[in-house]
Amino acid sequence: MTVYGNFPGSRPRRLRTTPAMRRMVAETRLDPANLILPAFVREGITAPVAISAMPGVQQHTLDTLRKAAVDAVSAGVSGIMLFGVPTDEKKDARGTAGTDPDGILQVGLRAVREEVGDDLVIMSDLCLDEYTDHGHCGVLTADGRVDNDATLERYAEMAQVQADAGAHVVGPSGMMDGQVGVIRDALDQTGHEDVSILAYTVKYSSAFYGPFREAVGSSLKGDRKTYQQDPANARESLRELALDLGEGADMVMVKPAGPYLDILAKVAESVDVPVAAYQISGEYAMIEAAAEKGWIDRDAAIMESLTGIRRAGAQMILTYWATEVAERLRRS
């Protein structure tokens, strides 16, 4: 073998020689505290209902929701994001079940708050789509368009009832213009100054939401392209970011996570507030389906996907694997 002086003088492989070495020099660390568990609570069921497109995920009864919250606390997960699934007969054009103090989401929030108190950050999805008979995130005009300002009035009502029910954080996800400012005012005017807003600042109109539609029993007719962001656009994400921060967002989020890591990185570099990303149903389903086929190593793929989201700048990650991964991290 011919040796050319000290070539190669720099050998990065020295820092990859053992698991202990790789762990010591790792630039990105995933911790249970980074994780938030999305959970669905369904009205009118006596046993949990499996979601066929999301193996391992279910629509909860109040009892199983309580257990999921306790398990999340035990694993070290930081938060739980609740979505309500009402019965079909409760849905109407204005989504009134979403502002009913006895609606399923508010009942679920109270149950979780009673069970775990402040040991888990209890978050609520603030949107009308689960509760409308047309499946859109807002009130419709006579010609079928989503009425931005009429929808904001409904969001203000939702914020109040969700805070009354025990939410520490509300997550407006409808992508209505001005939603954060209206919700902040509504919370402050009703004595909920301490309730935080996790703004769905960048929410793309994505093909990866498919399994979620089953999870919430969506009644969507058409699509949401007139209010969710166009996947072709990047700069408008920063415009949305500036608007949400100016209106009082305490935290901001990018959704989906995996297909938009470039956007996540731009957002994380631009702000001094906590940044979240939502690893959505389609991202979850792809890994589970490929693993079921034996095409990938399930556990390794899960950890790699979450590490990538964390590396891109997410301080908090909403993932359906939150409790499972948190338990794995605590054992490692």
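Provided above is the structure to which this section pertains.
For clarity, every value in this text was computed on a predicted model and none was experimentally measured.

1. Quick look at the overall build of the chain
Across its full length, the chain carries 11 helices and 10 strands. Its C-alpha atoms give the chain a radius of gyration of 21 Å, near enough to 20 Å, the size a compact globule of 332 residues would have. The dimensions of the chain, computed from C-alpha atoms along their principal axes, are 80 × 45 × 40 Å. The burial tally for the chain puts 51% of its 332 residues in the buried class. A sequence separation of at least 24 residues applies to 74% of the contacts in the chain between residues at least 6 apart.

2. Quick notes on a nonpolar patch on the surface
Residues Leu-15, Met-24 and Val-25 make up a contiguous nonpolar surface patch of about 280 Å² in total accessible area. Note on Leu-15: relative accessible area 47%, which makes it partly exposed.

3. Side note on helix α7 (residues 235-247)
For α7, with 13 residues, the first-to-last C-alpha span of 19 Å sits near the 18 Å given by 1.5 Å per residue. Taken together, the buried positions of α7 are occupied by Ser-237, Glu-240, Leu-241 and Asp-244. Buried residues of α7, viewed axially, fall in a sector of 105°; they line one side. In α7, those exposed residues whose orientation departs by more than 90 degrees from the buried face are Arg-235, Arg-239, Ala-242 and Gly-246. Lining the buried residues of α7 we find α5 (179-189), β7 (196-203), β8 (251-255) and α8 (261-270). The first or second residue beyond α7 is Gly-248, which carries a positive phi of 110°.

4. As for the environment of Gly-84
When you line up the elements, Gly-84 lands in strand β4 (residues 79-85). Gly-84 gets classed as buried once you look at its relative accessible area, which sits at 0%.

5. With respect to the packing of helix α10 (residues 298-311) against helix α11 (residues 322-331)
Two numbers describe how α10 lies on α11: the axes approach to 12 Å, and their chain directions differ by 95°. The angle between the axes of α10 and α11 places the two elements in the roughly perpendicular class. Note on element contacts: α11 touches α10 through Glu-324, Val-325, Arg-328 and Leu-329, opposite Arg-298, Asp-299, Ile-302, Met-303 and Leu-306. Partitioned by chemical class, the residues of the contact of α10 with α11 number 5 nonpolar, no polar and 4 charged.

6. A short note on the side chain of Gln-106
Among the structural elements, Gln-106 can be located in helix α3 (residues 104-116). Separated by 2.7 Å, the side chain of Gln-106 and the backbone oxygen of Asp-100 make a polar contact. If we skip the residues at most four places from it in the chain, Gln-106 touches Ala-97, Gly-98, Asp-100, Pro-101, Val-161, Gln-162 and Ala-165.

7. Some details on unusual backbone geometry
Each neighbour pair has its own omega, and for Lys-255 with Pro-256 the value is -5°, a cis peptide bond. Following the sequence through the fold, Pro-256 ends up in the loop between β8 and α8. One non-glycine residue with positive phi stands out, namely Met-175, at about 60°. Position of Met-175 among the secondary structure elements: in the loop between β6 (169-172) and α5.

8. What to know about the pairing of β7
Within β7, 7 of the 8 residues are buried, leaving the element largely enclosed by the surrounding structure. Once you follow β6 into α5 and on to β7, the crossover reads as right-handed.

9. A closer look at the pattern of salt bridges
This model, assessed by the stated rule, comprises 16 salt bridges. The salt bridge partner of Asp-250 is Arg-184, with a shortest N-O separation of 3.6 Å. One end of the pair, Asp-250, is in the loop between α7 and β8; the other, Arg-184, is in helix α5, with 66 residues separating them in the sequence. With a relative accessible area of 32%, Asp-250 lands in the partly exposed category. Of the charged contacts, one joins Glu-324 and Arg-298 as a salt bridge, the two residues approaching to 2.8 Å between their closest N and O atoms. With Glu-324 in helix α11 and Arg-298 in helix α10, the pair connects residues that are 26 residues apart, well separated along the chain. Residue classification places Glu-324 among the partly exposed residues on the basis of a relative accessible area of 27%. Look at Arg-298 and you get partly exposed, because its relative accessible area is 24%. Salt bridges here are not isolated pairs; linked through shared partners, they connect Glu-288, Arg-298, Asp-299, Glu-324 and Arg-328.

10. Topic: the nonpolar core
If you look at the biggest cluster of nonpolar residues, it comprises 95 residues, and the most contacted ones within it are Phe-40, Ile-80, Tyr-155, Tyr-278 and Val-325. Excluding anything up to four places from it in sequence, Ile-80 contacts Ile-36, Leu-37, Ala-39, Leu-65, Ala-69, Val-112, Leu-120, Val-121, Ile-122 and Met-123.

Rules used in this analysis
- All residue numbers refer to position in the chain's written sequence, counted from 1.
- Selection of residues for local features in this predicted model requires a pLDDT of at least 70, selection of side-chain atom pairs for listing and counting requires 80 or more, and totals for whole chains, interfaces and linings are taken over all residues.
- Processing note: side-chain calculations cover all non-hydrogen atoms of the structure and skip hydrogens and water entirely.
- Every helix listed is a DSSP run of H or I at least four residues long, and every strand listed is a run of E at least two residues long, numbered separately from the N terminus.
- When we talk radius of gyration, it's over C-alpha atoms, and the globule rule is simply 2.2 Å times the number of residues to the 0.38.
- Remark: exposure states derive from per-residue accessible area (1.4 Å probe, protein chains only) relative to the maximum for the residue type, with buried under 20%, exposed over 50%, and partly exposed in between.
- Here, residues are in contact when the closest pair of their heavy atoms is within 4.5 Å.
- The residues that make up patches have over 30% relative accessible area and no salt bridge, and they are joined within 9 Å when like-charged or within 5 Å when they are Val, Leu, Ile, Met, Phe, Trp or Tyr.
- All accessible-area figures derive from a Shrake-Rupley calculation using a 1.4 Å probe, and residue coverage is judged against the displayed protein chains alone.
- Salt bridge criterion: a side-chain nitrogen from Lys or Arg within 4 Å of a carboxyl oxygen from Asp or Glu.
- Expected span of a helix: the number of residues minus one, times 1.5 Å.
- Directions from the helix axis toward the C-beta atoms define the arc.
- Helix axes are fitted only over the stretch in contact, all axes being lines through C-alpha atoms; the angle between N-to-C directions runs from 0 to 180 degrees.
- For classification purposes, an angle smaller than 35 degrees is called roughly parallel, one larger than 145 roughly antiparallel, one from 65 to 115 roughly perpendicular, and anything else oblique.
- Basically, the charged four are Asp, Glu, Lys and Arg, the nonpolar ten are Ala, Val, Leu, Ile, Met, Phe, Trp, Tyr, Cys and Pro, and anything else, Gly included, counts as polar.
- Counting of polar contacts relies on pairs of N or O atoms within 3.5 Å, with two restrictions inside protein: one atom must be capable of donating a hydrogen and the other of accepting it, and residues adjacent in sequence are counted only when both atoms are side-chain atoms.
- When the strands point away from the viewer, a crossover counts as right-handed if the route from the first strand across the helix to the second turns clockwise.
- Residues grouped as a nonpolar core are buried Ala, Val, Leu, Ile, Met, Phe, Trp, Tyr and Cys residues, joined through side-chain atoms within 4.5 Å.

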